[in-house]
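Listed here are the chains, written in short residue letters.
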Amino acid sequence: MSVSLPGAGQERFRPRLARRHRTGRIFRYLCLASIAFSVAVLIALLVDVAVDGLRWLSLDFLTRYPSRIPARAGIKSAILGSLWMMGLTAAMSFPLGVGAAIYLEEYSKKNRLTGLIQTNIANLAGVPSIVYGILGLAIFVRYLGFGRSVLAGAATLALLVLPVVIISAQEAIRAVPTSLREAAYGVGATRWQTVRHHVLPVAMPGILTGMILSLSRAIGETAPLIMIGALTFIAFPPTSPMDPFTVLPIQIFNWTAKPQAEFHELAAGAIIVLLVVLLLMNASAIVMRNRYRARRDQ
Amino acid sequence: MSDIALRTEELSVWYGSTQAVKEITLDVPKNQVVAFIGPSGCGKSTLLRCFNRMNDLIPVARVGGKVLFGGANLYDEAVDPVEVRRRIGMVFQKPNPFPKTIYENVAFGLRINGFTGNLDEQVERSLRAAAIWDEVKDRLQDSALGLSGGQQQRLCIARALAVEPEILLMDEPASALDPIATSRIEDLIAELKTDYTIVIVTHNMQQAARVSDLTAFLYLGELIEYGVTQRLFTNPTEERTEQYITGRFG
């Protein structure tokens, strides 16, 4: 930098190169500090949880039901409850969310009404989850008579993630180039044929990414499920959508609320399991997404 | 009348409150190549997109006047734009193959339109007609995205031809291609003329002079002059046409 290139007539510029490069370096280190801070906090959390919980992890822990005696306690019902919950939530929010997104992007006219709907969907994404819990309690548990069941919980969580599913699916659909739609219409395809054969396949990886993020949020939700009356002590696995249930975050919440230190360590163990389940879920969704992408680009 | 493929009567297009095409009346004769020329924004693409109701896809676009195709007005309530687009095919400015196999690109239009003939034969026939068969016959199951720009554009022409349209609309089909690929497309247009009526938009006057039988010069949404290409380029009657083709504006 200190070496200047030869040549005359440069006096009209004052490049101050050293200073500009210094600013650039400072910015780079600030960004590095941001990521280092985030990673450090994450590692600290993971280490803290691992130190407390790792020694409780065993096959027994995964296959036993909750117990008042820490040494006999397990999280089988919570794991199964969480899996049921995720499956049903996905089954409900995916078709509803993608359908709504397709309608908004491909069918609806852009007018004041759709603008209002759009704004409200964005606002709903910011509503505290406990509010969805109250709604779920009133509608699903009481009015529709689902009771304190897996179905009521999943329906509540589906409502909770729906705005995010819709918005991310809309983004993915909007990213499909207009030229592709024109190509399909140009050979005499109807709107549905264009959407079905060309828009959706191209948008699907993006839609799935939104779905992964939404379910990752849903699996950690506690408040709305407590609100609708998920139980904290379940000594049997749910076998149908109408069974009562518990989920991992509630089990964790319940154990951390107890005075005994052993239960706090059990909670740490359950947190590790929750993280692993989350990772597995995301990994499988990413595999699915990549397979979709590969098939599209073949 | 029977040798007219398409006729517009006082055709106008508005985008919101701006009028992009102003009361244009012209005939497109059968088995001829008609070129639309004019400076950017003169409405030539907009006019072309009226011929297969592509403007329907733009929410703010409004169309007035008539486009007559075999006696029927394409903008009549009873006319289905899906039917129109099969009968009047289109090739776009940028090659836009589907992100699927070469075979699927051509077969898609056949499948969705309930083609009753032999699919393989029709795909081959279309690819041959678009002069790309020899280059792709050994890799029909490969992705169309692996083709070069010029090949992709000829594939798009094959895709349009597959559904047996009567008219082929081409919106600056060579503007994104290199000179060699461009000349292949131009040769192809000359060959296709025997079986199809072609309307081509181009910003390249040499291209219009090379490929077309008739040329229409548009300026600010108005049809300034329309006539036999050779005459229009050598002896234009309108002053603005002369100014444009001699490069004094545009």
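Residues numbered from 1 in each chain as written. Chains lettered and ligands numbered in written order. Predicted model: local features only at pLDDT ≥ 70, side-chain atom pairs only at ≥ 80, totals over all residues. Heavy atoms only, no water.

What about the overall build of chain B?
Note the threshold: Here a helix means four or more residues in a row that DSSP labels H or I, a strand means two or more in a row labelled E, and each is numbered from the N terminus. C-alpha atoms define the radius of gyration, and 2.2 Å times the number of residues to the power 0.38 defines the globule rule. Throughout this description, buried means an accessible area under 20% of the type-specific maximum (1.4 Å probe, protein chains only), exposed means over 50%, and partly exposed covers the range between. The contact definition used throughout considers only heavy atoms, calling two residues in contact when any of these lie within 4.5 Å.
Counting its regular elements, chain B contains 10 helices and 10 strands. Here the C-alpha radius of gyration of chain B, 18 Å, is about what a compact globule of 250 residues would show, namely 18 Å. Considering only C-alpha atoms, chain B reaches an extent of 55 × 45 × 35 Å along its principal axes. When each of the 250 residues of chain B is scored for burial, the buried share is 54%. Long-range contacts, defined here as pairs at least 24 residues apart, represent 67% of the contacts in chain B between residues at least 6 apart.

So, the confidence of the model for chain B
Put simply, the rule is: pLDDT is a per-residue confidence score from the predictor, ranging from 0 to 100.
On average, chain B scores 92 in pLDDT, and the residues at 70 or more come to 99%. If you check the scores for this complex, the pTM reads 0.84 and the ipTM reads 0.91.

Some words on the interface of chain A and chain B
Defined as follows: Side-chain classes follow a simple rule in which Ala, Val, Leu, Ile, Met, Phe, Trp, Tyr, Cys and Pro form the nonpolar group, Asp, Glu, Lys and Arg form the charged group, and the remainder, Gly included, forms the polar group.
Taken together, the contacts link 18 residues of chain A with 22 residues of chain B. Elements that contribute at least two residues to the side of chain A that touches chain B include exactly α7 (178-186), α8 (191-219) and α11 (261-297) of chain A. In terms of residue count, the dominant contributor to the side of chain A that touches chain B is α7(A) (7 residues). Grouping the constituent residues of the side of chain A that touches chain B by class yields 7 nonpolar, 8 polar and 3 charged.

Section: α8(A)
Short version of the rule: Under the convention used throughout, the expected extent of a helix is 1.5 Å for every residue step, that is, one less than its residue count. One axis fitted to the seven residues ending at a residue, another fitted to the seven starting there: the angle between these axes is the bend at that residue.
Taking 1.5 Å as the rise per residue, α8(A) with 29 residues should run 42 Å; its terminal C-alpha atoms sit only 36 Å apart, a clear shortfall. In α8(A), a bend of some 50 degrees at Met204(A) exceeds every other bend along the element, and Pro205(A), a proline, comes one to four places later.

A few points about the pattern of salt bridges
The line we're drawing: Salt bridges, as used here, are contacts in which a Lys or Arg side-chain nitrogen is within 4 Å of a carboxyl oxygen on Asp or Glu.
This structure, assessed with the given rule, holds 20 salt bridges over all chains. Here Lys193(B) and Asp213(B) are joined by a salt bridge, their closest N and O atoms 3.1 Å apart. With a gap of 20 residues between them, Lys193(B) in the loop between α7 (179-192) and β8 (197-201) and Asp213(B) in the loop between α8 (205-211) and β9 (214-219) connect regions that are remote in the sequence. Its relative accessible area of 26% is what places Lys193(B) among the partly exposed residues. A single salt-bridge network, built from bridges that share partners, covers Glu105(A), Glu171(A) and Arg174(A).

Remarks on the pairing of β8(B)
Residue and element names in this part refer to chain B. Stated precisely, the cut-off is as follows: DSSP bridges decide pairing: two strands pair if at least two such bridges lie between them.
Extensive coverage of β8 is indicated by the burial of 5 of its 5 residues. The two faces of β8 match: Thr197, Val199 and Val201 on one face and Ile198 and Ile200 on the other face are all buried. Note that strand β3 (residues 33-37) and β8 share 4 bridges and pair parallel. Its bridge partner lying in β8, phenylalanine 36 is registered against valine 201.

As for a positive patch on the surface
Residues and elements named next belong to chain A. The condition is simple: Here, patches come from residues exposed beyond 30% relative accessible area and free of salt bridges, joined within 9 Å for like charges and within 5 Å for nonpolar side chains (Val, Leu, Ile, Met, Phe, Trp, Tyr). Only the protein chains shown count as cover for residues, with accessible areas throughout obtained via the Shrake-Rupley method and a probe of 1.4 Å. This count recognises Lys and Arg as positive and Asp and Glu as negative, with His and chain-terminal groups excluded. Taken as the charge centre is NZ of Lys, CZ of Arg, CG of Asp or CD of Glu, depending on the residue.
On the surface, Arg14, Arg16, Arg19, Arg22 and Arg25 cluster together into a patch of positive charge. With respect to the helices and strands, the residue arginine 22 is situated in helix α1 (residues 17-53). Relative accessible area serves as the criterion here: at 44%, arginine 22 is assigned to the partly exposed category.

What about the sheet that holds strand β1 (residues 4-15) of chain B?
Pairing in this open sheet of 4 strands is antiparallel, and the strands run β2-β1-β4-β5 (chain B) from one edge to the other. Both outer strands of the open sheet, β2 (18-29) and β5 (72-73) of chain B, are each paired with one neighbouring strand and no more.

With respect to the packing of aromatic side chains
The cut-off we apply is this: Classification of ring pairs rests on two measures: the distance between centres of Phe, Tyr or Trp rings, Trp counted by its six-membered ring, which must be within 6.5 Å, and the angle between planes, read as stacked under 30 degrees, edge-to-face over 60 and tilted in between.
For the structure shown, the criterion picks out 7 aromatic pairs over all chains. Judged by centre distance (6.0 Å) and plane angle (10 degrees), the rings of Phe140(A) and Phe146(A) are stacked. A ring pair is formed by Phe217(B) and Tyr219(B), whose centres lie 6.5 Å apart and whose planes are at 10 degrees; its orientation type is stacked. Under the relative-accessibility criterion, Phe217(B) is labelled buried at 0%. With a relative accessible area of 22%, Tyr219(B) lands in the partly exposed category. Here the aromatic residues Phe217(B), Tyr219(B) and Tyr244(B) are joined through ring pairs into a cluster of three or more.

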